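Observations on the three-dimensional arrangement
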Amino acid sequence: MLHERRMISQRARSGARRGPAPLTRAALPVLSLALAGALAAGCSSNSSSNQTSGGGALPQVSGAVGQKAVITLPSGAAAPTKLETKTLVAGSGATLASGQLAAVNYTVMNWTGAKELGNTYSTDGGKTPNQPQVVTLGSSSLLPAWNTALTGARIGSRIEVVAPPADAFGSQGNAQAGVGPTDDLVFVLDVVGGYPATADIPGKQTAQAGAALPKVTGDPGSGNPQVTIPSGTKPPTSLVADTLIHGSGEAVQSGRTLVMQYTGVDWNTGKNFDSSFTRKQAFSTVIGAGKVIQGWDQGLIGKHVGDRVLLVIPPALGYGPSGGQSSAGIGANDTLVFVVDIVDAL
């Protein structure tokens, strides 16, 4: 995968990421420690339960779904000794399954000291969008508590989770995130979306203009698009961002979390160096925030959900500044070609 200034495959091995880190035992994503502004009035109702263990009283949760939760711990009560999950608001969307991507907004509190550790909600009254955490259900790197709470949940649900160390960061805790080895965590999860491995856009390609640009064949749903580099043609020196399929969704704004499928080809070698289609895993990132190579940040802003976009990225906006990517066979002077299907914007 090639979404960051370094290879995604390298990130997957090392866990390195400049944005909100995955919810793994190694790192808790603390996106913002500032409390949000005034929340919409209203309390959640304890309508159903995914799992009960007969533990003590659970924290009270107030606030509207889609906004930062207010978590109030029960006075004088100890945390439950087993994992507790409770559906506070039952969603009406599709059911999440193992192997899918799940998009989740959350508020998290450390039961010890009643300290809020972070949340993914807008902290400026909605001027900037929420930044949902996108995780792979069933992954061994995902917190066990999240795997339990989200697998089988419906999109639109709000779920309360109280996780002892064994279902969170284990006996090592996470000092950087303010989690000790014996600390229990309280999560309130708002399930925003779910995406199967084959998630893609609708539509069919129309005839491409411009014989000097790569030819793309293969409609959405047919697997990895084929990219043919024009023989004997020099690559363009400026960024190309051509829309091959025009979607009907909202325009992509900087700061939004995009869910996408893509394939990448090196113009200079003709090699298909990476593809979410063949890997059978949709990909997500925050766009316009420096988390991806500049060609993606510049080329996808203003496009629409449902678009298929042909990106031709000169070295200066790709991996040229970092000397290329030898592990993928990409040289410092290589031009990159991507076909990107924008599945959703969160």
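Keep in mind it's a predicted model, so treat the numbers as computed, not measured.

Topic: the overall build of the protein
Helix and strand content of the protein: four helices and 17 strands. Taking all 346 residues of the protein together, 51% fall into the buried category. A separation of at least 24 residues holds for 75% of the contacts in the protein among residues at least 6 apart in sequence. Surface summary for the protein: the accessible area is close to 14,200 Å², and the carbon and sulfur share equals 51%.

A word on the pattern of salt bridges
Inspection of every chain in the model, using the stated rule, returns six salt bridges. Residues Glu-250 and Arg-256 are paired through a salt bridge, measuring 3.0 Å at the closest nitrogen-oxygen approach.

Details of the nonpolar core
With 27 residues, the main nonpolar core has Trp-146, Leu-150, Val-161, Phe-187 and Leu-189 as its most contacted residues. Counting only elements with at least two residues in this core, the list comes to β5 (101-110), α2 (144-150), β8 (158-163) and β9 (185-195). Apart from residues no more than four positions distant in its own chain, Leu-150 is found in contact with Leu-96, Val-104, Val-135, Leu-137, Ile-159, Leu-189 and Val-191. Counting residues in each nonpolar core, the second largest holds 24 residues, with Tyr-262, Ile-287, Ile-293 and Ile-330 among its members.

Quick look at the packing of aromatic side chains
Going through the model one piece at a time under the given rule, you end up with eight aromatic pairs. With centroids separated by 5.7 Å and ring planes inclined at 90°, the aromatic side chains of Trp-146 and Phe-187 adopt a geometry described as edge-to-face. Of this pair, Trp-146 sits in helix α2 while Phe-187 sits in strand β9; the two residues are 41 residues apart in sequence, bridging distant segments of the chain. For the pair shown, Trp-146 and Phe-187 are each scored as buried. Between Phe-283 and Trp-296 the ring centres are 6.0 Å apart and the planes differ by 70°, which places this aromatic pair in the edge-to-face class. Pair noted here: Phe-283 is in strand β15 (residues 283-286) and Trp-296 is in helix α4 (residues 294-300), with a separation of 13 residues, a long-range link. A network of ring pairs unites the aromatic residues Tyr-262, Phe-273, Phe-283, Trp-296 and Phe-338 as a single cluster.

A look at the environment of Gly-295
Relative to the helices and strands, Gly-295 is located in helix α4. What makes Gly-295 buried here is its relative accessible area of 0%. Remark: the alpha-carbon pair of Gly-295 and Tyr-319, spanning 24 residues in sequence, is separated by 9.8 Å. Apart from residues lying up to four places away in sequence, Gly-295 is in contact with Leu-239, Leu-311, Ile-313 and Leu-317.

Remarks on unusual backbone geometry
The phi dihedral of Ala-114 falls on the positive side, at around 50°, and the residue is not glycine. Judged by its relative accessible area of 42%, Ala-114 falls in the partly exposed class. A positive phi angle, close to 60°, is found at Lys-280, a residue other than glycine. Relative to the helices and strands, Lys-280 resides in the loop between α3 (276-279) and β15.

About the thresholds
- Residues numbered from 1 in each chain as written.
- Predicted model: local features only at pLDDT ≥ 70, side-chain atom pairs only at ≥ 80, totals over all residues.
- Heavy atoms only, no water.
- Helix = DSSP H or I, 4+ residues; strand = E, 2+ residues; numbered from the N terminus.
- Buried < 20%, exposed > 50% of the residue type's maximum accessible area, 1.4 Å probe, protein only.
- Contact = heavy atoms within 4.5 Å.
- Areas by Shrake-Rupley, 256 points an atom, 1.4 Å probe, with all protein chains shown as cover.
- Salt bridge = Lys/Arg side-chain N within 4 Å of Asp/Glu carboxyl O.
- Core = buried A, V, L, I, M, F, W, Y, C linked by side-chain atoms within 4.5 Å.
- Phe/Tyr/Trp six-rings, centres within 6.5 Å; stacked < 30°, edge-to-face > 60°.

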